[in-house]
Amino acid sequence: MHKITKAVFPVAGLGTRFLPATKAMPKELLPIIDKPIIQYAVEEAIAAGITDLVFVTGRTKRAIEDHFDSNLELEAVLSEKGKDDLRDMVRNIVPAGVNCIFVRQPKALGLGHAVLCAAPVIGDEPFAVLLADDFMRGDILPTEALCKAYMEHGRAVISVSKVPDSEVSKYGIISTGDSGFEGLPAVTGIIEKPAQKDAPSNLASIGRYVFGPGFFEILREQKPGYGGEIQLADAINTLARQYGVLADCVEATRYDCGSKFGYLEAIVDTALAHKDYSEQFRELLIQRVARKDLAK
C-alpha cells in the first residue's frame, strides 16, 4: 500500500459569511489567536506524515501563497533586532522537506471540482483532503487516523461526527451498513443537507477525507448536483456504491469555523488552553460574566 504523502486543501472559496473582513483577506487566514486557520490544518497534515501540500486557490487567494512562502526581508529584520525566536517561527511555518504546491481553480464549480483540479499533481497516489473551515483540537487529529485506516484496509475513509438531530439539515449525513471493519462502519450513502425527517442517521460528514487515486475518475464523470456544481458528497456516494467507503468517528473536538459562532468558539477554547494566556483569559471571562450578572 502506497504511503499517503499528499494532501489537498481546497481554499478557493470567497468566504462571504465573513464579509467585510474577507473582502481583501482570504477567510483561511483569519487568525485563531496568532495563527491562521489554514496553518492549523497544514500542521495536522504534516503530523500525519504528509510532505506535499497542494493548495487549490482562486484569483483572490495570493495571500495564502505569501503566508507559506519564505520572507527573507522579514527574517533579516527580526535577526537584526535579536528576535531569533520569532525569526525561527516564521522560517519554520513550512518545515524542511515539506513542499507547497499551488494550483488554480479557474471557476467556482464546486468542492468536487476543486479537488479534481489537484489531479495532475496527485497523480496515481492516494491522498488526503482537508477543509480548513473544520478546525480540530485534540490528542488524535482526524488526518492521522484516516491515513492509518486507509493503510490498514485499503479503502477510502471519511471523518464523521455526531450532530444533534436539529442540525442534520446543515450537513451531508451518511447512512451506514454492515460491511465495514471493527470500529469503522461502511458508508452506504450520503444525503446532502436532508430534512430532519429524511436523515438516515445523525452522523455528519466533516472536512477530512482520504481517497485512492481512482476517485479522480469518479469526479471527472460526476454530473453537477446541488447548485449546479460538482459536489464532493455526490462523488463519495458513487464511490461508496462502486468500491466502498469507511467512516471514522472523530475523537478530536471540531469547530465549524465557516460560521461566525463556531469561529468564536474556536478562539475562546484555544485561548483557554493557551500556555501563556489561559489564566488571564479565564479571569477575564469570569469578570465579564460577573459584570453582566450585576447589570441585570
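Our structure's up above, just so we're on the same page.
Throughout what follows, the structure given in this document is the object of discussion.

How each quantity is defined
- Residues numbered from 1 in each chain as written.
- Predicted model: local features only at pLDDT ≥ 70, side-chain atom pairs only at ≥ 80, totals over all residues.
- Heavy atoms only, no water.
- Axes fitted to C-alpha atoms, helices over the stretch in contact; angles between N-to-C directions.
- Helix = DSSP H or I, 4+ residues; strand = E, 2+ residues; numbered from the N terminus.
- Parallel < 35°, antiparallel > 145°, perpendicular 65-115°, else oblique.
- Left-handed = near helix turned anticlockwise from the far one by under 90°.
- Contact = heavy atoms within 4.5 Å.
- Nonpolar A, V, L, I, M, F, W, Y, C, P; charged D, E, K, R; others polar.
- 1 Å grid on protein atoms, 1.4 Å probe; cavity = no way out; pocket = protein on both sides within 12 Å on 5 of 7 lines; lining within 4 Å.
- Points joined across faces, edges and corners; volume = space filled by probe spheres on them.
- Salt bridge = Lys/Arg side-chain N within 4 Å of Asp/Glu carboxyl O.
- Buried < 20%, exposed > 50% of the residue type's maximum accessible area, 1.4 Å probe, protein only.
- Core = buried A, V, L, I, M, F, W, Y, C linked by side-chain atoms within 4.5 Å.
- Pairing = 2+ DSSP bridges.

A few words now on the packing of helix α3 (residues 72-80) against helix α4 (residues 84-91). Contact geometry for α3 and α4: axes closest at 8 Å, N-to-C directions at 160°. As judged from the angle between their axes, α3 and α4 are roughly antiparallel. In this structure, α3 meets α4 at a crossing whose hand is left-handed. Of the residues in α4, those in contact with Leu74, Glu75, Leu78 and Ser79 of α3 are Asp84, Leu86, Arg87, Val90 and Arg91. Residues that form the contact of α3 with α4 fall into these classes: four nonpolar, one polar and four charged.

To continue, consider the layout of surface pockets. Roughly 430 Å³ of volume is contained in the second largest pocket. Lining the second largest pocket are 22 residues; nearest its centre among them are Asp34, Lys35, Tyr40, Thr270 and His274. Going through the elements one at a time, α1 (37-47) and β7 (134-137) are the ones with two or more residues in the lining of the second largest pocket. Sorting elements by how many residues they give to the lining of the second largest pocket places α1 first, with six residues. Classifying every residue of the lining of the second largest pocket gives 11 nonpolar, two polar and nine charged.

Opposite charge on two side chains permits them to pair, given that their charged atoms come into close proximity. Evaluation of the coordinates by the stated rule reveals 13 salt bridges. Between Glu75 and Arg91 there is a salt bridge whose closest N-O contact spans 3.1 Å. You can see Glu75 sitting in helix α3 and its partner Arg91 sitting in helix α4, a full 16 residues away along the chain. Among the residues examined, Glu75 registers a relative accessible area of 9% and is labelled buried. Because the salt bridges share partners, they merge into one network encompassing Asp84, Arg87 and Asp88.

Our focus in this paragraph is the nonpolar core. Core analysis: the largest hydrophobic core is formed by 39 residues, its most contacted members being Phe9, Ile32, Ile38, Leu53, Phe55, Phe68 and Cys257. At the level of secondary structure, the elements contributing two or more residues to this core comprise β1 (6-10), α1, β4 (52-57), α2 (62-68), β6 (127-130), α7 (142-153) and α10 (260-272). Residue contributions to this core peak at six residues, all from α1. Filtering out sequence-adjacent residues up to four positions away, Leu53 remains in contact with Ala7, Phe9, Val42, Ala45, Ile46, Val98, Asn99, Cys100 and Ile101.

Attention shifts here to the pairing of strand β11 (residues 203-211). Of all nine residues in β11, nine are buried; the element is thus mostly enclosed. Strand direction decides the pairing type here: β6 and β11, joined by four bridges, are antiparallel. Counted as the bridge partner of Ala128 is Val210 from β11. In this sheet, β11 lies alongside strand β8 (residues 156-162) in antiparallel orientation, the contact comprising five bridges. By the bridge assignment, Val157 is partnered in β11 with Val210.

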